[in-house]
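# Examination of the molecular architecture
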Amino acid sequence: MTTTMVTFTRFAGKTKTVRVEKMHIPLFDSRSKETIKTIQSMLNYPIEFLTHSRNKNAIFKLCDTNPIAERIVETLIFEIEQVSLFVDFKVVSDSKRINLGSSINILNIAQSNVSSSIASDFKMDEKTISQYERELEIKNAEDLSGISILNVDEVGMKIIISKLLDIVWLVNHLSLHFLGAVELHSDKDDSFIFSVKTPELFHNLWFASAFEKKSIISSTIAVRKYAELTLTPESVKENIDSVKMLHVRVFSIFSQHWRLGADELISSIFHELADLVLILTKVVQVESFSIESDEVNREYYQELVKAYPEREGILNTYDMVVEHQLDLAPENRLFNIINGALTLGDVETIRGMLSQAQFFAEKRFGQNWNMDVERQQTRYLIDDLKRFPHLEVLDFEFNTTSVEMTLDPKAEKLDVDLFVRDKSKSIVYAIQLKHVSTLSSSGVSFWVNMLLHHQRKLNVGVMQLQNLKTELATNPKAFDYLIAKGLAKEEITSLIPVLVHNVGAVDMIPMQENIWVYDLHTFRKVLTDQSSMADRYENSSYYSYQTDKSCIKSLRLDQPQSIIDTYVNDENFKDLKYYDFAKNIRRDVVIGNLKFVAEGIGI
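For the structure given in this document, a descriptive report is provided here.

Calculation criteria
Residues numbered from 1 in each chain as written. Predicted model: local features only at pLDDT ≥ 70, side-chain atom pairs only at ≥ 80, totals over all residues. Heavy atoms only, no water. Helix = DSSP H or I, 4+ residues; strand = E, 2+ residues; numbered from the N terminus. Buried < 20%, exposed > 50% of the residue type's maximum accessible area, 1.4 Å probe, protein only. Contact = heavy atoms within 4.5 Å. Areas by Shrake-Rupley, 256 points an atom, 1.4 Å probe, with all protein chains shown as cover. Core = buried A, V, L, I, M, F, W, Y, C linked by side-chain atoms within 4.5 Å. Axes fitted to C-alpha atoms, helices over the stretch in contact; angles between N-to-C directions. Left-handed = near helix turned anticlockwise from the far one by under 90°. Nonpolar A, V, L, I, M, F, W, Y, C, P; charged D, E, K, R; others polar. Expected span 1.5 Å × (residues − 1). Pairing = 2+ DSSP bridges.

## Observations regarding the overall build of the protein
- Helix and strand counts for the protein come out as 22 helices and 21 strands.
- Taken across its 603 residues, the protein has 53% of its residues classed as buried.
- Look at the contacts in the protein between residues 6 or more apart in sequence, and 67% of them connect residues 24 or more apart.
- When the accessible surface of the protein is summed, it comes to about 28,200 Å², and 51% of that surface belongs to carbon and sulfur atoms.

Pasting the structure below:
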């Protein structure tokens with residue numbers, strides 16, 4: 001949301017407007033480290049956290065004497081005390097642990113209601129509402145990873161899982177309230193209502209989520225179609241051109257979602273990634289197309305290597321796949337391992353592929369593999385933007401080595417990687433680039449763990465930018481340094497700081513001090529042509545093409561609604577038209593004797 005701040009100065013008895021400055025309400029502010037640390041712990045351990053007295057005191061402190069928030073915390077503590085009698089927080093073997101994500105799919109749990117009040121041409125039938133509700137429950141269940149339920153019968157299992165999901169749902173919304181993103185009040189019926197602070201506050205998140213999901217769905221379809229066309233040697237021969245193009249398409253998933261071109265990282269682990277595609281393809285074929293085949297296990301690939309000795313490396317890849325999958329919680333696995341054989345796991349296929357690829361990168365380069373990738377990412381972005389005549393890349397860094405800074409030594413050091421001048425909009429962006437490893441959490445927990453925690457790289461990037469304008473306003477040396485580098489005074493005073501990264505689900509987010517957080521693909525598309533690659537399938541034929549954007553133009557990164565409008569009015573993105581349908585969703589949960597309602601949030 002944008003508000004206009006007007007400053008007035010009085011001259012000779014007259015009032016004169018001297019400045020109009022657009023300010024954006026931040027979705028999150030990451031400066032309150034202790035508050036965020038407490039919220040993060042509660043989200044990471046939504047059941048166990050409130051079983052400890054010290055943690056209870058910390059949460060009551062966040063309530064800041066708000067009686068409604070205090071009542072909710074009291075309810076949570078009571079419910080957790082009851083359900084804790086039936087759960088175990090210790091890490092246990094898979095054979096003794098309940099996979100809550102899978103449990104939702106097999107148990108008929110009706111623990112909340114979703115109703116639509118959409119008064120438009122968009123109609124949500126009961127099946128759509130049910131599917132939407134189930135998605136929310138599965139995401140909530142991911143926050144319960146590692147919890148095991150003690151031996152109970154089927155009826156008891158339904159009750160316990162329902163209560164656990166209720167608690168997680170309430171913890172998520174209470175956390176959003178503590179973060180300042182939603183308001184909390186009670187109505188005349190004594191229901192507790194969570195509502196968005198301002199109507200547009202979540203629009204960017206919804207759109208970014210829909211944008212990323214569109215890409216994931218497209219990639220998932222490509223994986224399945226490739227598996228289908230390679231079922232038999234005859235099918236491969238009949239559709240050889242489509243098979244070749246689909247193989248390239250599936251393999252491009254790694255670079256596409258890592259936000260890189262064909263670069264050093266992909267080349268260095270090429271064989272492992274190629275083997276992963278083969279393994280995944282075989283598992284999909286066995287499970288989705290019911291082919292007559294041996295089980296997909298190590299013995300299967302040992303026989304394969306006997307026939308094709310040049311593929312010996314696939315055995316090492318298979319072992320790394322098993323190693324990584326066993327280290328993950330069951331609901332986060334690309335593959336389950338049942339009696340030594342691979343079957344498809346519960347996690348979204350693309351998320352699982354990227355998690356496994358990330359493991360390969362860490363095996364090859366160590367835990368800090370992202371640091372070198374940032375260099376590749378920066379070079380890729382600079383070279384790409386230089387192709388457009390309306391953009392000018394100012395390829396220099398601005399940090400504490402550039403000029404003596406006046407910042408508090410305890411603060412995160414100011415650091416800008418490069419500047420981008422959009423000549424068509426007469427504006428300059430100050431860019432900090434980060435490449436990070438993704439996390440398996442979702443929803444509010446994902447945002448807090450990924451973006452807000454003070455030790456996470458994305459938050460470090462935000463903190464490196466947050467003092468930019470203050471430093472330029474108070475330090476003449478810093479201001480003069482940028483002047484010497486080719487920036488005009490007006491450009492410096494209106495700089496827009498942007499953190500650019502590789503996580504598609506964290507996109508178009510306004511933070512403190514007018515900092516914007518953008519996914520790299522969205523960033524470059526918004527500044528260039530808003531085009532995309534599209535897949536087309538006709539029977540057994542496949543082809544791809546780039547959506548036509550003959551008129552190259554940029555949009556302002558600090559005006560996300562114009563970006564959203566441009567995309568939803570594009571015929572190629574018409575399926576994103578209802579990205580904001582969550583604003584019309586009212587979801588309620590009854591916990592104990594109290595009713596809790598979320599309006600227009602969609603968590």
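## Description of the nonpolar core
- In this structure, Phe-398 and Phe-419 are the most contacted members of the largest nonpolar core, which totals 124 residues.
- If one sorts the elements of this core by residue count, helix H6 (residues 154-178) sits on top with 13 residues.
- Setting aside residues up to four positions removed in sequence, Phe-398 forms contacts with Val-403, Met-405, Leu-414, Asp-415, Val-416, Phe-419, Leu-468, Leu-472, Ala-478, Tyr-481 and Leu-482.
- Formed by 48 residues, the second largest nonpolar core is a distinct cluster that contains Ile-266, Leu-273, Val-283 and Leu-354.

## A closer look at the packing of helix H7 (residues 203-229) against helix H9 (residues 240-258)
- Relative to each other, H7 and H9 sit at 145°, their axes nearing to 9 Å. Relative to H9, the crossing made by H7 is left-handed. Between H7, through Glu-212, Ser-215, Ile-216, Ser-218, Ser-219, Ala-222, Val-223, Lys-225, Tyr-226 and Leu-229, and H9, the contact on the second element is made entirely by Ser-242, Val-243, Leu-246, His-247, Arg-249, Val-250, Ile-253, Gln-256 and His-257.
- Of the residues belonging to the contact of H7 with H9, the class tally is nine nonpolar, seven polar and three charged.

## Things to note about helix H15 (residues 369-385)
- Taking 1.5 Å per residue as the helical rise, H15 with its 17 residues ought to reach 24 Å, and the 25 Å between its terminal C-alpha atoms agrees with that figure.
- All buried positions along H15 are accounted for by Trp-369, Asn-370, Val-373, Glu-374, Gln-376, Gln-377, Thr-378, Leu-381, Ile-382, Asp-384 and Leu-385.

## Quick look at the pairing of strand S20 (residues 585-591)
- Burial of S20 is extensive: five of the seven residues sit out of reach of the surface.
- As judged from the six bridges shared by S20 and strand S21 (residues 594-599), these two strands associate in the antiparallel manner. In the strand pairing of S21, Ile-591 is matched with Leu-594.
- Linkage of S20 to S21, two consecutive antiparallel strands, is achieved through a turn of two residues, within which Gly-592 is found at a positive phi near 65°.

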